[in-house]
Amino acid sequence: MNLPDAPIAHEGFFAAHFFTVSDQEKSRDFYVRILGGKLIKPENPCYIKLANTWIILNSGGGPTPDKPEVLLETPSDLNRVNSFLNLRVADIWACYKEWGGKGALFLTAPLPNPDGWEWRCYMRDPDGYIIEVGQYTQLALDWFNNHS
């Protein structure tokens, strides 16, 4: 493992998003080749440094002693979502074109949010997990600048 990029908390903690996947190689390709993540550990589990966060990919499975009634599985209904990865980007149209050109499947092209706060679109990873891609508008940037 590349220690400068290892997901090790020397103090406090770091946050990571865990995805249960059906095919680690296929999912790894998506997060590395399409989204530009840096592969740290290739499998069982796979660790990917994605911009300023971490993605962990691993196969599903049954209960373990530390989660005795929990099953890890990929989404069973792609239209029912209770959590998703949210990517804040500097140029949504550039990401849409680049990632779409590499094979990302978007639900729609980027659309303005009705509140004027952002532009956003959604794509799916190989297991159907939804990923929001959003870009703040000037309205949002002004709000952040005035409230920081």
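These remarks concern the structure in this document. Predicted, not measured: the structure shown is a model, and the values here were computed from it.

Examining the pattern of salt bridges
Then comes step 1: Scanning the entire structure with this criterion turns up six salt bridges.
Then comes step 2: Two residues, Arg33 and Asp29, come together in a salt bridge whose shortest N-O distance is 3.2 Å. Highlighted residues: Arg33 and Asp29, both in helix 1 (residues 24–34), separated by four residues, approximately one helical turn.
Then comes step 3: The class of Arg33 is partly exposed, set by a relative accessible area of 41%.
Then comes step 4: Put simply, Arg88, Glu118, Arg120 and Glu132 are held in one network by salt bridges that share partners.

A short note on the pairing of strand 3 (residues 46–50)
Then comes step 1: Here strand 3 lies mainly inside the structure; four of its five residues are buried.
Then comes step 2: Pairing analysis gives three bridges linking strand 2 (residues 38–41) to strand 3, with the strands arranged antiparallel. Its bridge partner being in strand 3, Lys38 is matched across the sheet by Lys49.
Then comes step 3: Turn length for the strand 2-strand 3 hairpin, with the two strands adjacent in sequence and antiparallel, is four residues, and the turn residue Asn44 shows positive phi of about 50 degrees.
Then comes step 4: Where strand 3 and strand 4 (residues 53–59) come together, five bridges link them in antiparallel fashion. Among the inter-strand pairings, Ile48 is bridged to a residue of strand 4, identified as Ile55.

Criteria and thresholds
Residues numbered from 1 in each chain as written. Predicted model: local features only at pLDDT ≥ 70, side-chain atom pairs only at ≥ 80, totals over all residues. Heavy atoms only, no water. Salt bridge = Lys/Arg side-chain N within 4 Å of Asp/Glu carboxyl O. Helix = DSSP H or I, 4+ residues; strand = E, 2+ residues; numbered from the N terminus. Buried < 20%, exposed > 50% of the residue type's maximum accessible area, 1.4 Å probe, protein only. Pairing = 2+ DSSP bridges.

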